[in-house]
Amino acid sequence: MKNLLNKKILFIICGGISAYKSLETIRLFKKNGAEIKTILTKNAKEFVTPLSVASLSHGKVYSDLFSIENEAEMDHISLSRWADIIIISPATANTISKLALGTTDDLASTVVLASDKNIYLSPAMNVRMWEHPTTKINLRKLKDFGYKIIGPEIGDMACGEYGEGKMSDPITIAEEIDKYFLTKKNNKKFKALVTAGPTNEYIDPVRFITNKSSGKQGYELAKSLSKEGFDTTLISGPTNLKTQNDIKLIKVETADEMLVATQESLPVDVAICSAAVSDFKIKKKYENKIKKQETLNLNLEKNIDILNYISNHNSKRPKLVIGFAAETNSIEKNAEKKLNKKNCDWIISNDVSNKDIGFNSDYNEVTIHYKNKSIKKEKLLYKEKSEISNEIVDRIIDQLN
Ligand SMILES: Cc1cc2nc3c(=O)[nH]c(=O)nc-3n(C[C@H](O)[C@H](O)[C@H](O)COP(=O)(O)O)c2cc1C
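Reading guide: rules and limits
- Residues numbered from 1 in each chain as written.
- Predicted model: local features only at pLDDT ≥ 70, side-chain atom pairs only at ≥ 80, totals over all residues.
- Pairing = 2+ DSSP bridges.
- Helix = DSSP H or I, 4+ residues; strand = E, 2+ residues; numbered from the N terminus.
- Axes fitted to C-alpha atoms, helices over the stretch in contact; angles between N-to-C directions.
- Contact = placed C-beta atoms within 7 Å.
- Expected span 1.5 Å × (residues − 1).
- Buried ≥ 20, exposed ≤ 12 C-beta atoms within 10 Å, placed from the backbone.
- Domains from an automatic or database assignment.
- Nonpolar A, V, L, I, M, F, W, Y, C, P; charged D, E, K, R; others polar.
- Near = placed C-beta within 6 Å.
- Parallel < 35°, antiparallel > 145°, perpendicular 65-115°, else oblique.
- Left-handed = near helix turned anticlockwise from the far one by under 90°.

Colleague: Teacher, can you tell me more about the sheet that holds strand β20 (residues 377–384) here?
Modeller: Hydrogen bonds along the backbone pair up the strands of a sheet, which may run parallel or antiparallel. Judged by pairing direction, the sheet is mixed, and its eight strands sit side by side in the order β13-β12-β9-β14-β17-β18-β19-β20 without closing on themselves. Edge positions in the sheet fall to β13 (248–251) and β20, since each has one partner strand and no second. The mean angle between the axes of side-by-side strands here comes to 15°, regardless of whether they run parallel or antiparallel. Taken together, the six bridges between strand β17 (residues 320–327) and strand β18 (residues 346–351) define a ladder with parallel strand orientation. Pairing of E327 across the sheet is with D351, part of β18. Lying over the sheet, helix α14 (residues 385–400) contacts β14 (270–273), β17, β19 (363–370) and β20, oriented at roughly 145° with respect to β20.

Colleague: It is not clear to me how helix α9 (residues 170–187) should be interpreted in this structure. Could you clarify?
Modeller: In an α-helix, one turn spans 3.6 residues; hence positions three or four apart end up facing the same way. Taking 1.5 Å of rise per residue, 18 residues should cover 26 Å, and α9 covers 26 Å from first to last C-alpha, within 8% of that figure. Residues P170, I173, A174, I177, D178, Y180, F181 and N187 constitute the buried set of α9. Elements that come into contact with the buried residues of α9 comprise α1 (19–31), β4 (85–91), β5 (118–123) and α14.

Colleague: How should I be thinking about the domain arrangement of the protein chain in this particular structure?
Modeller: When the parts of a complex come together, some accessible area is lost, and that lost area is often taken as the interface size. Looking at the assigned domains, one finds that the protein chain contains domain 1 (2–186) and domain 2 (188–400). Between the C-alpha centres of domain 1 and domain 2 there is a distance of 37 Å. Taken together, the contact between domain 1 and domain 2 spans seven residues of the former and eight residues of the latter. Sorting elements by how many residues they give to the side of domain 1 that touches domain 2 places α9 first, with three residues. Of the residues contributing to the side of domain 1 that touches domain 2, the split by class is one nonpolar, three polar and three charged.

Colleague: It is not clear to me how the site of the ligand should be interpreted in this structure. Could you clarify?
Modeller: Within the structure, the ligand sits among 15 residues, and C14, G15, G16, T41 and T92 are positioned closest to it. When residues in the shell around the ligand are grouped by element, the largest group, three residues, is from helix α5 (residues 93–101). By residue class, the composition of the shell around the ligand is seven nonpolar, eight polar and no charged.

Colleague: Got a minute to help me understand the packing of α1 against α9 in this structure?
Modeller: Helix packing geometry: the angle between the two helix axes and the distance between the axes. α9 packs onto α1 with a crossing angle of 40° between their chain directions and a minimal axis gap of 9 Å. Here α1 is positioned oblique relative to α9, judged by the angle of their axes. Crossing angle aside, the handedness with which α1 passes α9 is right-handed. Counting all contacts with α1, which are made through K21, E24, T25, L28 and F29, the residues of α9 involved are P170, I171, I173 and A174. For the contact of α1 with α9, a count of residues per class yields six nonpolar, one polar and two charged.

Colleague: Would you explain the sheet that holds strand β6 (residues 148–149) in this entry?
Modeller: Read from one edge to the other, the open sheet built from six strands follows the order β3-β2-β1-β4-β5-β6, with strand pairing classed as parallel. For this open sheet the edge positions go to β3 (61–62) and β6, each flanked by a neighbour on one side alone. By the bridge criterion, six bridges tie strand β1 (residues 8–13) to strand β2 (residues 35–40) in an arrangement that is parallel. Residue I12 lies in a different strand from β2, and its bridge partner there is I39. Helix-sheet contacts for helix α2 (residues 50–57) involve β2 and β3, and the interaxial angle to β2 is about 170°.

Written out as C-alpha cells, the structure is:
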C-alpha cells in the first residue's frame with residue numbers, strides 16, 4: 001500500500017460493535033505512512049477508548065464539538081480542510097441517517113457536512129437494520145451526494161444473526177483507500193479544460209448582448225475534476241461564482257477572448273464546453289455610446305464556435321470532447337444533431353425551459369449522448385449540479401482509463 005505515504009486521513013469512528021476493528025485499520029494506515037487524526041462520536045467511546053486510538057494513531061483524538069481547547073488549536077472547519085480524505089468506519093445506521101438529512105448535532109456530523117473532501121463510509125450493522133428501507137434510502141442519498149461506500153459483507157454478526165451488514169475487513173478498507181490515492185495520482189497526469197458561464201458581446205462601450213447562463217454547472221464540473229486529481233483549467237465568462245485555488249481560473253468576457261484562452265490552454269486530455277457562448281456578435285462595435293433614438297438596427301454576425309474549434313483541431317484535439325446543449329424544445333433531437341455536426345464525443349443536454357433545472361438553478365437533470373459507445377444515451381436524474389458533476393466525472397475517468 002504505497003500510496004498512503006504522507007496522506008492525511010481523518011478517521012471517524014461511530015458507536016458500533018465493530019468499532020474495535022477500526023483500531024486495526026488505523027494501525028494499517030499508520031504502518032503505511034499515513035498521518036491520522038480521529039474523531040470518536042460520543043457513543044463510539046462506549047466501544048473503544050480515546051487512549052487506545054491515540055496510542056495507535058500517534059495523532060490527536062477529537063470528540064467534543066464544544067471544546068475550547070480543540071477549537072483554539074484546530075477548529076471543526078480546519079479539521080476537514082486538513083484532511084486529504086475522510087473515512088467513517090464503522091458507519092452506524094444512526095450516523096448514516098444524520099448525514100443523509102444534514103443533521104449536525106455533534107463534531108463528526110458537523111465536520112462531514114462542512115467538508116469538501118471525498119468521504120468513504122464502511123457501514124456495519126445488524127442485517128435487519130441494513131435491509132430496512134430507511135437505511136437503503138439514506139445510503140442511496142449519500143451515494144448520490146458522492147460518498148463512496150465500502151461493504152458491508154455477508155457473514156456472522158456479533159448479535160448472533162447471519163446476513164449482510166458485517167463491516168468489511170480492515171485490510172479491504174485500507175486497500176480501497178490506497179486504490180483511491182493511486183487513482184488520484186494517475187488522474188494527475190490528465191489535463192482538463194472547462195469553459196463556463198455566458199459571454200458578453202459588446203454593442204458599444206457600455207452595452208452588450210448576453211444570456212442567462214450562471215456558470216454553476218461548469219464551475220461544479222471543474223471542482224469535481226480537480227477533486228479527483230485532474231490538472232484543471234476553468235475558462236469563465238462573467239459570473240459571480242468563486243472557485244478553489246487548485247483550479248487555474250481564466251476570466252474572459254467575450255467569445256473572442258474565450259477562444260484565445262482556449263487556444264492557449266490546449267493541449268488537454270478532456271475538454272468540457274459548458275459555456276453558453278453567444279451565437280452572435282455585433283459586426284462592427286460602436287466606438288462611442290449610442291445616443292437615444294427611435295429605432296436602432298443591429299448588424300449581427302455569427303460568433304466563433306469554440307466547441308467546433310476544439311473537436312476539429314488537427315493536432316491538439318483532446319481525447320475526449322464534451323459539449324453541452326441547453327435546449328428549450330426537441331431536446332433529444334437537437335442534442336443528437338449537435339453530437340454529429342460538431343464532431344464531439346459526448347453531448348450533455350438539458351431542458352433550460354424548466355425553471356427547476358435551468359439557468360441559475362442549483363439543480364439539473366441531464367442526458368448524456370454518446371457517440372462511440374454501445375449505449376447511446378444515459379439520463380442523470382434531477383439532483384444538485386455538484387452531484388451531476390461527480391457522476392459525469394466518474395464517467396470521464398472510466399473513459400480516459
Ligand atoms: C452493544 C451495541 C452494539 C451496537 N452495534 C451497532 C452497530 O453495529 N451498528 C449500528 O448501526 N448501531 C449499533 N448500535 C446502536 C448505536 O450504538 C446507536 O444507534 C448509537 O446512537 C450510534 O451513535 P453514533 O452514530 O453517534 O455513533 C449498537 C448498540 C449497542 C448497545
